[in-house]
Amino acid sequence: QLDYTGMMRSEKNPKAISEKDLCSFQPQMHIARVALLQKRAQGELDFSALLLEMKGQAQQIQEYADYLSEHYENFVLLGIGGSALGPQAVHQALRPYYYNELSSEKRNHRPRFYVVDNIDPTRFKDLLESLNLEKTMFNVISKSGNTSETMAQFLIVRQMLKEVCKDQFNEHIVVTTDQEKGNLVTLSENEGYRRFVIPSGIGGRFSELTPVGLLPAAVCGINIFELLDGAIAMDKKIREQKDLFENPAQLRAALGCFSLKRGKAISVFMPYADGLKTMADWYAQLWAESLGKRYDRQEQEIWTGQTPIKALGVTDQHSQVQLYTEGPNDKIFTFVTVRIFDEEILIPKDDDLEQNIQFLGGHQLGDLLRAEHKATEYALSLAGRLHQNIILPELNAYTVGQLLLLLEWETAYMGELLNINAFDQPGVEEGKIGTYALMGRPGYEQRRSEIEESICK
Ligand code: PA5
C-alpha cells in the first residue's frame, strides 16, 4: 500500500503537490508509459521483460543451491555495487537478523552467508582466516568480469584455494557473469567453474532477480519462487495499470519528479524494520546511479539527480531527524513500514514503577516502533516536510519481490520523466578506468599520466 497524503498540499505545505497537479501529470505519464513499454519490447528493459525467463531458471538454481547446502558450510559472495547490494538486502529482509550465528540446525543446515563488497585488506583477511576453505564456496559476481575490486578478491581467493584444496580448487568457485564477455567467462571455461549468466540487457543495480540474487537467496533457504512471483505480480500491475492513481510506480515517480523540480534535491529512504536496513543501501545505489546524470538524451548538460539518503527508523530518529525537522526543507521522505512483524515482544508491566516508565508496560515492542514512526511523521508534518509511506502487510519473499520491482520501475519512470538514460553509469565507469590506469593495466598509460598530472597540480 502507498500512503502519500504527507506529500500533498496542506495548510502547512501550501506549495506541495495538489491532486490537480497530479492529474495534470497524466498526459506526460502516458507518454512515459508508452515509451517505456516500447523500450521493454525492444529489449531495453530486461529487468522486467525477463522475469518469466528467470522464473523458468529458478528450478535449476534451486537444485544447485540445494547441492551446495549439502556440501558447504559457508557461502561467500565476492562482488560490489549492483553485484552485492541486492543479495545483501534480500538476505537481511528474509533471513533471521543473526543468521550466521544460528546453529546449523536452526539455519536448516544451510551455509553461513558472507558478502565481501569492499577491499579493505583487514576485513578480508579477518574473514578468510575465520573460514575453513575446504567447506567454503565462493560466488564471484561481476557482470563485466572486469571490476578491479572483485577481480582482486577473486585472485586472492583462487590462490588460497589452490594451496588448500589443490586440484579441487575449482569446486569452490561459482561464477555469475555475462554470457560472453569478460575475464570470468574465459576463466570459468579454462578452469572449470560452474557458471551462471546475467542477461546482457540487465545492468548491475537492476540484477537482483537474476542469478545474481537468486542463487545466494536459494542457498540460504529463501523461497526464490515466491520472490519472483511477487516481482511478476508487481511488474504486471505497473505495466497494465494506465491510471496514475492506481499505478504505484507512476505515482511515486510523479511525486518524486514534482518535488525534485521544486527544489527537493534529497530523497530520504527510511524503513521502520531492521530487516530492510540494507534495502535502503540498495535503493540508494539504484536512485543515485540511475538518476545522477550530467547529460539528457539530447546530450544537453543538465546535471540532474536526487541525492538518496539511507536512514533507519527508529535508530536515526536519534541522529538525523533533528535535521529533517529543522534543517533545510530540501528533502522528501519515504518510510517503509511492516504491518505485522514475525515476532512480537511484550514490554512487561510493573505497577511498582514510576508512572513515567510504567506506561510502556503492557505494550508490544512493535507498538512502540509504530508509535515512533507516527510521531516522526507528525513532527515532519508540523514542519511542512513531504513524506510518504510504503506499507508492507508483512516482510516475506512475495512482498520483498513486489518492493524490488516497484522501486526499479519507479526509477525507470523517473529516468523517462527527466529525459535521461537511467540505465548507464558513465561516472562510475570513469572511476573504474582511473583505477585501471593507476594500477598499471596495459593500454591505460595515457590516462595514468593525466591523473598523475592533475593530482600533482
Ligand atoms: O549498477 C551497476 O552497473 C554497477 O553498480 C555495477 O554493479 C558495479 O560497478 C559492479 O560491476 P560488475 O558487476 O561489472 O563487477
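Residue indices begin from 1 for each chain and proceed along its sequence in written order. Per-residue local features of the predicted model are confined to residues with pLDDT of at least 70, and side-chain atom pairs are confined, for both listing and counting, to 80 or more; whole-chain, interface and lining totals are unaffected and use all residues.

The chain appears in an unreviewed UniProt entry as Glucose-6-phosphate isomerase from Desulfitobacterium metallireducens DSM 15288. The chain has a UniProt comment under Subcellular location (unreviewed entry) that states "Cytoplasm". Looking at the Function (unreviewed entry) heading of the UniProt record, one finds this comment for the chain: "Catalyzes the reversible isomerization of glucose-6-phosphate to fructose-6-phosphate." UniProt positions are given in the numbering used here, feature names are shortened, and annotations may be inferred rather than shown by experiment.

Take the overall build of the chain next. On a plain count of helices and strands, the chain comes out with 18 helices and 12 strands. Each radius of gyration reported is based on C-alpha atoms, and the globular scaling rule is 2.2 Å times the count of residues to the power 0.38. Taking 23 Å as the expected radius of gyration for a compact globule of 457 residues, we find that the chain reaches 23 Å, a close match to that expectation. Here the analysis covers contacts within the chain between residues at least 6 apart in sequence; of these, 75% occur between residues at least 24 apart. Numbering goes from the N terminus for both helices and strands, where a helix is a DSSP run of H or I of at least four residues and a strand is a run of E of at least two. By definition, residue pairs are in contact when their C-beta atoms, positioned from the backbone, come within 7 Å.

Attention shifts here to the pairing of strand 9 (residues 301–304). At least two bridges found by DSSP between two strands are what make those strands a pair. With 2 bridges joining them, strand 8 (residues 293–295) and strand 9 adopt antiparallel strand pairing. Within the sheet, the bridge partner assigned to lysine 293 lies in strand 9 and is threonine 304. Counting the residues that bridge the hairpin from strand 8 to strand 9 gives 5 residues, and of these glutamate 299 lies at a positive phi of roughly 65 degrees.

The UniProt entry lists Glu289, His318 and Lys432 under the feature "active site" (unreviewed entry), expressed in the numbering used here. Annotated residues spanning 144 residues; largest pairwise C-alpha distance 36.5 Å, indicating distribution over more than one region. Counting other C-beta atoms within 10 Å of a residue's C-beta gives its exposure: the residue is buried at 20 or more, exposed at 12 or fewer, and partly exposed in between, where C-beta atoms are placed from the backbone. The exposed category is assigned to histidine 318, around which 8 C-beta atoms lie within 10 Å. In this structure, lysine 432 sits in helix 17 (residues 426–438). With 15 C-beta atoms packed within 10 Å, lysine 432 lands in the partly exposed category.

Read from one edge of the open sheet, 5 strands run 1-12-11-7-10, paired in mixed fashion. Since the sheet does not close on itself, it has two edges, and those belong to strand 1 (2–3) and strand 10 (307–310), each with one partner. Of the pairings in the sheet, the one linking strand 1 to strand 12 (residues 386–394) comprises 2 bridges and is antiparallel in character. In the sheet register, leucine 2 faces strand 12, and the bridge partner there is isoleucine 390.

Here the focus is the packing of helix 4 (residues 51–71) against helix 9 (residues 211–219). Following both chains from N to C, one finds helix 4 and helix 9 inclined at 40 degrees, their axes separated by 8 Å at the closest point. Taken as axis vectors, helix 4 and helix 9 run oblique relative to one another. Here the hand of the crossing between helix 4 and helix 9 comes out right-handed. Here Met54, Ala58, Ile61, Gln62, Ala65, Leu68 and Ser69 of helix 4 come into contact with helix 9, specifically with Pro211, Leu214, Leu215, Ala218 and Val219. Angles shown run from 0 to 180 degrees and are taken between the N-to-C directions of axes, each axis being a line fitted to C-alpha atoms and, for helices, limited to the stretch in contact. Our angle categories are set so that under 35 degrees counts as roughly parallel, over 145 as roughly antiparallel, 65 to 115 as roughly perpendicular, and the remainder as oblique. If you view the pair so one helix is near and one far, a crossing is left-handed when the near helix is turned anticlockwise from the far one by less than a right angle, and right-handed when it is turned clockwise.

The next thing to look at is the sheet that holds strand 4 (residues 136–142). Strand order across the open sheet formed by 5 strands is 3-2-4-5-6, with parallel pairing between neighbours. Both edges of this open sheet fall to strand 3 (112–116) and strand 6 (194–197), since each of them pairs with a single strand only. Neighbour-to-neighbour, the strand axes of the sheet open up by a mean angle of 20 degrees, direction not taken into account. Inspection of the sheet shows strand 2 (residues 74–78) paired to strand 4 by 5 bridges, in the parallel sense.

It is worth spelling out helix 17 at this point. Every helix has an expected span of 1.5 Å times one less than the residues it contains. Taking 1.5 Å of rise per residue, 13 residues should cover 18 Å, and helix 17 covers 18 Å from first to last C-alpha, within 8% of that figure. Looking at the residues trailing helix 17, positive phi occurs at glycine 440, about 90 degrees.

pLDDT is a per-residue confidence score from the predictor, ranging from 0 to 100. When pLDDT is averaged along the chain, the result is 95; 100% of the residues meet or exceed 70. Interface predicted TM-score (ipTM) for the complex: 0.98; the corresponding pTM is 0.96.

Between its first and last C-alpha atoms helix 12 (residues 277–291) spans 22 Å; for 15 residues at 1.5 Å apiece the expected length is 21 Å, and the two agree. Most of helix 12 is tucked away, with 11 of its 15 residues classed as buried. By the burial criterion, the buried members of helix 12 are Thr278, Met279, Ala280, Trp282, Tyr283, Gln285, Leu286, Trp287, Glu289, Ser290 and Leu291.

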